[in-house]
Each structure stands twice: as structure tokens, then as C-alpha cells.
Amino acid sequence: MAPKSSDSQSHILNQSDPTTNGSIDPIFHLVRILPYSVLRAPRLRLKLPSLSLPSPMTVFSLVLLTYFMVVSGIVYDVIVEPPGIGSTQEPVTGTVRPIVFMSGRVNGQYIIEGLSSGFMFVLGGIGIVLLDLALDKNRAKSVKVSYASAGVSSIVFSYVMSMLFIRIKIPAYLR
């Protein structure tokens, strides 16, 4: 017996598929053919909206803002809802004194504490960016020296302040 050709097999497959023209349902033929024999599809000349890429400085600003928010502990602040700043009462005078750092609790923070720490981290990152800008060969020497000195000073300042924050937060740290 000779094998069947692929044309006869595809014809059998088309008859079993109800979405092709080989369907035996008369309502399907009416719904498929009748509206398009009277109506025709309009010729639309729609323009696709063109989206331009944001500038590199916009992307850098968004990344830096996101970094600041993550490092500052915005997620912690939203979930736990700590107070913005703490307070303590002096035992001798009885006056209420504001406290910025939640001393002794490593896994807790006031809102101002997180924002100030996040600002110090961002300041150190900006210092690294300024040091990178100081290496550009197309800039004048005075501009390169200004970028380098501003970068080094911001890195040193942010490091010293971050270590001070840690020593306030954990009194016996590195002593």
C-alpha cells in the first residue's frame, strides 16, 4: 500500500479544526462572512507614540534618589512608622530633650536618623563621582583640582560622620 501524501493529511487536519474555512457549522460561516460583505474596515492612519529615552543625568538622578531612599530605610519607616525624632527627660531639671539617634537599638531608628545616615552615604557616593570627573583629560587643571578636592573632602566628611553616627548608636563600638 502506498503511503498517503502530506496534502491529504493536511486536508484532514483542516477539516477537524473548526477555526479554518473547512468548518461545517453554517452559523460560523454567516458570522464570519456576512458582516464583512457589507462593511469594510476603515483605513486608519494612526501614528505610534514615540517615546524618547531619558537623558543620562535624569537616569543618574533617579538611581541616586532610589539609592537614598533604600539606604535611608524608607521601607522600615513605612512598615514600622517610628516617630520622627525621640525625646528624653532629664532627671535633674525635668526638661524634655530631643534625641536624634535611637541609642542601643541596632535594628531600630527614628526617621531623622535614617535620613541623615542616608544623606551621608549619598554624599560619599557623590564624592566618588567627583573623583571620577577629576580624571577627565579634557578639563582644565584648576577644574580637575577642584573636583578632586571636593570629592576627597566629601568622602572623608561622610566617613567621619558615619563613624560618629555608629558610635552614638552603639556606644561601645570599636573601643
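The protein chain has the name Oligosaccharyltransferase complex subunit in an unreviewed UniProt entry, where Linum tenue is given as its organism.

Enquirer: Pulling in residues and values, what's your account of the overall build of the protein chain?
Expert: Counting its secondary structure elements, the protein chain contains six helices and two strands. When the helices and strands of the protein chain are read in sequence order from the N terminus, they spell out α-α-α-α-β-β-α-α. Pairs at least 24 residues apart make up 52% of the contacts formed inside the protein chain by residues separated by at least 6 positions. For the protein chain, the exposed area adds up to about 14000 Å²; of that, 68% sits on carbon and sulfur atoms.

Enquirer: Summarise the UniProt feature "transmembrane region" (unreviewed entry) in the protein chain; cite the residues concerned and give the values.
Expert: Here the UniProt-annotated "transmembrane region" (unreviewed entry) positions come out as residues 53–76, 110–135 and 147–168. Between the end C-alpha atoms of residues 110–135 the distance is 39 Å, and the span holds 88% helix and 0% strand. Secondary structure over residues 147–168 splits into 100% helix and 0% strand, and the C-alpha atoms at its two ends are 31 Å apart.

Enquirer: Quick rundown of the packing of aromatic side chains? Include the residues and the values.
Expert: Per the counting criterion, the structure on display carries one aromatic pair. When the centroid spacing of 4.8 Å and the interplanar angle of 45° are considered together, the rings of Phe-101 and Phe-165 count as tilted. Of the two residues, Phe-101 is situated in the loop between strand 2 (96–99) and helix 5 (111–133) and Phe-165 in helix 6 (residues 141–169); the sequence distance between them amounts to 64 residues. Judged by relative accessible area, Phe-101 falls into the buried class, the value being 11%.

Enquirer: Go over helix 6, please, and point to the residues and values.
Expert: Counted at 1.5 Å a residue, the expected span for helix 6 with its 29 residues is 42 Å, and the 42 Å between its end C-alpha atoms agrees. For helix 6, the complete set of buried residues consists of Gly-151, Ser-154, Ser-158, Ser-162, Met-163, Phe-165 and Lys-169.

Enquirer: Give me the lowdown on the pairing of strand 2, citing residues and values where you can.
Expert: As judged from the four bridges shared by strand 1 (residues 86–89) and strand 2, these two strands associate in the antiparallel manner. Along strand 2, the bridge assignment pairs Ser-87 with Pro-98. The antiparallel pairing of strand 1 with strand 2 creates a hairpin that spans six residues between the two strands, and Gly-94 there sits at a positive phi of about 80°.

Enquirer: So what's going on with a nonpolar patch on the surface? Residues and values would help.
Expert: A surface patch of nonpolar side chains, about 410 Å² in accessible area, is lined by Val-75, Val-78, Ile-79 and Val-80. Of note, Val-78 is situated in helix 4 (residues 74–80). For Val-78, a relative accessible area of 57% translates into the label exposed.

Enquirer: Talk me through the pattern of salt bridges; I want residue IDs and the actual numbers.
Expert: According to the stated counting rule, one finds three salt bridges in the structure shown. Taking the shortest distance from any N to any O, the salt bridge between Arg-97 and Glu-90 comes out at 3.6 Å.

Enquirer: Tell me about the environment of Arg-97, and please be specific about residues and values.
Expert: For Arg-97, the position within the fold is in strand 2. Along the sequence, Arg-97 and Ser-87 sit ten residues apart, while their C-alpha atoms lie 5.5 Å from each other. Apart from residues no more than four positions distant in its own chain, Arg-97 is found in contact with Gly-86, Ser-87, Thr-88 and Glu-90.

Enquirer: Hey, could you go over the layout of surface pockets for me, with residue numbers and the actual values?
Expert: For the largest pocket, the calculated volume is near 190 Å³. For the lining of the largest pocket, the secondary-structure elements that each account for two or more residues are helix 5 and helix 6. Taken together, the residues of the lining of the largest pocket break down into six nonpolar, five polar and two charged.

Enquirer: Tell me what's going on with the confidence of the model for the protein chain, and back it up with residues and numbers.
Expert: Interpretation of the predicted coordinates at a detailed level should be avoided for regions scoring low in pLDDT. Taken over all residues, the pLDDT of the protein chain has a mean of 87, while the share at 70 or more is 87%. When the criterion is pLDDT under 50, residues 11–15 qualifies, and its contacts beyond four places in sequence or with other chains add up to three contacts.

Definitions and cut-offs
Residues numbered from 1 in each chain as written. Predicted model: local features only at pLDDT ≥ 70, side-chain atom pairs only at ≥ 80, totals over all residues. Heavy atoms only, no water. Helix = DSSP H or I, 4+ residues; strand = E, 2+ residues; numbered from the N terminus. Contact = heavy atoms within 4.5 Å. Areas by Shrake-Rupley, 256 points an atom, 1.4 Å probe, with all protein chains shown as cover. UniProt positions renumbered as here; feature names shortened; annotations may be inferred. Phe/Tyr/Trp six-rings, centres within 6.5 Å; stacked < 30°, edge-to-face > 60°. Buried < 20%, exposed > 50% of the residue type's maximum accessible area, 1.4 Å probe, protein only. Expected span 1.5 Å × (residues − 1). Pairing = 2+ DSSP bridges. Patch = residues over 30% accessible without salt bridge, like charges linked within 9 Å, V, L, I, M, F, W, Y side chains within 5 Å. Salt bridge = Lys/Arg side-chain N within 4 Å of Asp/Glu carboxyl O. 1 Å grid on protein atoms, 1.4 Å probe; cavity = no way out; pocket = protein on both sides within 12 Å on 5 of 7 lines; lining within 4 Å. Points joined across faces, edges and corners; volume = space filled by probe spheres on them. Nonpolar A, V, L, I, M, F, W, Y, C, P; charged D, E, K, R; others polar. pLDDT = per-residue confidence, 0-100.

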